[in-house]
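Given next are the chains, with one letter for each unit.
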Amino acid sequence: MPDVETTPEIDLDAIDSEEAAARAAGQLREALRYHNYRYYVLDDPVVSDADYDHLFQQLQEIEDEYPDLQTPDSPTHQVGGLVRDELGTVPHPSPMLSLKAVYEEADVRNFDETCRDELGRETVTYTAEPKFDGLAVELIYEDGQLVQAATRGDGETGEEITANVKTIEGVPLRLRDDERPVPDRLVVRGEAYMRMDEFNAFNRRREEEGKKPFANPRNAAAGSLRQLDSNITARRPLRIFFYEVADDGRDFDTHAEVLRVLPEWGLRVCKEHIRLCDGIDAALSHYEEVVGVRDDLPYEIDGLVIKVNDFAGHGTLGVRDRDPRWAVAYKFPPRRATTTIEDIFVQVGRTGRITPVAVLAPVEVGGVEVTRASLHNQNEIDRKDIRIGDRALIERAGDVIPQVVKVIEDERDGSEEPYHIPDTCPVCNAEVILSDDKKQAFCTGGMTCEAQFRERLKHYASREATDLEGLGDKRAEQLIDASLIERISDLYEIEKEDLLTLERYADKSAQNLIDEIEASLEQAFDRFIYALGIPLVGSATARLLAQNFTSLDDLMEAPEAQLRALDEIGPEVAHSIVTFFADDDNRAVIDEIRGAGLTLNNPYAEDEASLGDLTFVFTGSLDRYTRSEAKRLVEQHGANATSSVSGHTDYVVAGPGAGRKRDDAQELGVPVLDEGEFIDLLRSQGLDA
Ligand code: IVH
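Residues numbered from 1 in each chain as written. Predicted model: local features only at pLDDT ≥ 70, side-chain atom pairs only at ≥ 80, totals over all residues. Heavy atoms only, no water.

(A) Spotlight on the state of the cysteines. Overall, the coordinates contain zero disulfides when judged by the stated rule. Cys428 supplies the cysteine sulfur nearest to Cys443, a cysteine that is in no disulfide, at a spacing of 3.7 Å. Between Cys449, a cysteine without a disulfide, and Cys428, which holds the nearest cysteine sulfur, the sulfur-to-sulfur distance is 3.7 Å. Judged by its relative accessible area of 0%, Cys449 falls in the buried class. (Disulfide = S-S within 2.5 Å. Buried < 20%, exposed > 50% of the residue type's maximum accessible area, 1.4 Å probe, protein only.)

(B) Molecular detail of the site of the ligand. Of all residues adjacent to the ligand, which total 15 residues, the nearest are Glu129, Pro130, Phe132, Glu191 and Tyr243. Pro130 has a polar backbone atom sitting 3.0 Å from a nitrogen atom of the ligand. Between Lys307 and the ligand, the recorded distance is 3.0 Å, taken from a side-chain N or O atom to a nitrogen atom. With the chains in place, 91% of the 510 Å² that the ligand exposes on its own is no longer accessible. (Near = heavy atom within 4 Å. Polar contact = N/O pair within 3.5 Å; in protein donor to acceptor, adjacent residues only side chain to side chain. Areas by Shrake-Rupley, 256 points an atom, 1.4 Å probe, with all protein chains shown as cover.)

(C) Main features of the packing of helix α1 (residues 18-41) against helix α2 (residues 49-65). Between α1 and α2, whose axes approach to 9 Å, the crossing angle comes to 145°. In the packing of α1 onto α2, the handedness of the crossing is left-handed. Of α2, the residues touching α1 (which contributes Ala21, Ala24, Ala25, Leu28, Arg29, Ala31, Leu32, His35 and Asn36) are Tyr52, Leu55, Phe56, Gln58, Leu59, Ile62 and Glu63. (Axes fitted to C-alpha atoms, helices over the stretch in contact; angles between N-to-C directions. Helix = DSSP H or I, 4+ residues; strand = E, 2+ residues; numbered from the N terminus. Left-handed = near helix turned anticlockwise from the far one by under 90°. Contact = heavy atoms within 4.5 Å.)

(D) A look at the environment of Val293. Checked against the element boundaries, Val293 lands in helix α9 (residues 280-293). In this structure, the C-alpha to C-alpha distance between Val293 and Ser643, residues 350 residues apart in sequence, is 51 Å.

(E) Focus on the sheet that holds strand β4 (residues 135-142). With respect to topology, four strands assemble into an open sheet ordered β5-β4-β7-β8, the strand pairing being antiparallel. Single-partner strands in this sheet number two, and they are β5 (145-151) and β8 (238-245). Strand-to-strand, the axes of this sheet are offset by a mean angle of 35°, without reference to chain direction. Where β4 and β5 come together, six bridges link them in antiparallel fashion. Residue pairing across strands places Tyr141 opposite Leu146, the latter belonging to β5. Strands in contact with helix α6 (residues 217-225) are β4, β7 (185-194) and β8; relative to β7, the strand with the most contacts, it is inclined by about 130°. (Pairing = 2+ DSSP bridges.)

(F) Representation of the nonpolar core in the model. Within the largest apolar cluster, 52 residues are counted, with the highest numbers of intra-cluster contacts made by Leu491, Leu545 and Ile577. Aside from chain neighbours lying at most four places away, what touches Leu545 is Ile529, Val537, Leu555, Leu563, Leu566, Ile569 and Ile577. Formed by 38 residues, the second largest nonpolar core is a distinct cluster that contains Leu139, Ile168, Met194 and Phe242. (Core = buried A, V, L, I, M, F, W, Y, C linked by side-chain atoms within 4.5 Å.)

(G) Highlighting the pattern of salt bridges. Evaluation of the coordinates by the stated rule reveals 41 salt bridges. Arg383 serves as the salt-bridge partner of Glu380, at 2.9 Å between the closest nitrogen and oxygen. Of the two residues, Glu380 and Arg383 are both situated in helix α11 (residues 378-383); the distance of three residues between them amounts to about one turn of the helix. Linked by salt bridges that have partners in common, Glu450, Arg454, Glu455, Lys458, Glu477 and Asp481 make up one network. (Salt bridge = Lys/Arg side-chain N within 4 Å of Asp/Glu carboxyl O.)

(H) Just the packing of α2 against helix α22 (residues 627-636), in detail. At a closest axis distance of 11 Å, the pairing of α2 and α22 adopts a crossing angle of 100°. What the angle tells us is that α2 and α22 run roughly perpendicular. The segment α2 lies against α22, with His54, Gln57, Glu61 and Glu65 engaging Arg627, Ser628, Lys631 and Arg632. For the contact of α2 with α22, the class distribution of residues is no nonpolar, three polar and five charged. (Parallel < 35°, antiparallel > 145°, perpendicular 65-115°, else oblique. Nonpolar A, V, L, I, M, F, W, Y, C, P; charged D, E, K, R; others polar.)

(I) The sheet that holds strand β25 (residues 615-619), seen in detail. Taken together, the four strands give an open sheet; going across it, the order is β26-β25-β27-β28, and neighbouring strands pair in parallel fashion. Sheet topology places β26 (640-642) and β28 (672-673) at the edges, where each strand pairs with a single neighbour. In this structure, strand β27 (residues 651-654) lies alongside β28, joined through two bridges in parallel fashion. Looking at the pairing, Val652 lines up with Val672 of β28. Helix-sheet contacts for α22 involve β25 and β26, and the interaxial angle to β25 is about 170°. Relative to β25, helix α23 (residues 660-668) is tilted by about 140°, and along the sheet it contacts β25, β27 and β28.

(J) Examining the packing of aromatic side chains more closely. Evaluated as defined, the whole model comprises 17 aromatic pairs. Every member of this aromatic cluster is reached through a ring pair, and the members are Phe132, Tyr193, Phe241 and Tyr299. For the cation-ring pair, Arg475 lies above Tyr505, with the distance from its terminal atom to the ring centre recorded as 4.1 Å. (Phe/Tyr/Trp six-rings, centres within 6.5 Å; stacked < 30°, edge-to-face > 60°. Lys NZ or Arg CZ within 6 Å of the ring centre and 35° of its normal.)

Given below as structure tokens:
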């Protein structure tokens, strides 16, 4: 462990001069940088998130109090801020090359033969590393500070995205020099990407907000980095793997050495899947290994990059066109394939949404057998002119449902049949309503549609909703098939004996499920809102509602205007919520669940004891609380704590040693409390102080 105090004991109250503050800020920054490095680069944190947050807060407080002490590379600056009219362009210090892509082992062997011939060696040592599917970026550090970041652009000139890259957690604003001195100037390159799970969650949030989802993580990463407002980038789950130092010949002898040194400077590389390979056979077997784990990786890769390890070899082999002759990208089998669309049917979702699905002649796509593809909606079917009997190109990306890219019109023989979503629901026969743009179709069967109910029950029991682990999809279907349950509230009427009549239930599993159902009556408000399955209300919206309504009754009676007054809720969502609670059946089900003993607790509700909207400033040293504790205390009860006194300040709480802020308060006529008076104020508001 280097010479860093990982959790410096800093008593903010004892900081009485700018000099002392500067010292403390220095220690805190050093500690925070070290923890960022442990977390993002080594993947091996040594403090808890809470401890990290505490250090961060302390630094923030010092920087608020002494703005002169702020530095551009402070860890507190890793947030958005800059809004521009357009992205400028910057030249790359040396061209950003591309890679020759090959798909066959024979081509990789040819590459190896060329390398061996031209280098005059019997075997060549290669590095083999994943080809990340994201957006190439170049970062320039001068004297250890991040001064510029750019996209690849045309290879000669890229778009300047410095402010955006600075928001990516894990990108050091200043290089570490604990283990190795940093060069005056360092040009590093890597790939910005989104993890699959973070991309999916991000896309779900977008859909909940009525925004168009991104097609894949690569597009999402590229779109996020090319934002004009870095505040937007700051909210996107971006990450980077570094893989190259430009002008490498200068300070390093081999690529493996580069990959070893980058993390020492705080620049993250993909350690797990990089191999140093003696000869091409080793690289080829690493390829097989990576193909095997590809689907389990949290991020998308589309091949293996095989590079001659030594830079002397790079010099000899040189560059042809835009591609270095010392490297090759051995791409994975395409996740595309052609097959026949044998049939099309519709699925009825929990909110009645109707989705057309193609039944495919089984085909292997990127190593997985595929038999279904989502067709999304009628508009998509019309636009791509998808017909039953067509030959079609299918694509599968990560864990996304396979899609039809296009149909192959040349292969039609005239027997193909156009498809239209049916006018009535195939399950309950109720009318199907198709929107004017044909992008949405709904079954109007509501509570009476069994298909909708099946999905609703599964949703109600799902992990983010009531989390009934013992009621997975199969068991939910089983209860419906056995007519044990016709509406959600019936769940709470089920008896153990009922379950014992079903297959796959033993005494213990039946009792477990009964207990679990009973326990689910004590429920967090936001989860219950989500569990209700209100169309367009996902878990983020449910949380927002829980934060803004004190009880289920308040929410059920809320008029549309009140819902729309919440920032993140648009007209469609507000309308959907009001419509849901206006429905007699829905109200009856909720009443029945309440009758069974529902108790909702709301972790987000404001305390009864609340400090309302008061704004406090703390200064000097306090006895009973530290300043940060006092700050946290009032914030927990809905009040604000700021670092400078203004016309908006309600109280200044001053302890011994208070200086300028007390004077400011007196000048502005803001009441000044000592600590005793502050505690009295808290108690008078019903707080336990
Ligand atoms: S090396 C000359 N290594 O692939 C060497 N590139 O097709 C060029 N890429 O623009 C870069 N993973 O965006 C390298 N491990 C890796 C890579 C990688 C992804 C991308 C990079 C580059 C493109 C070239």
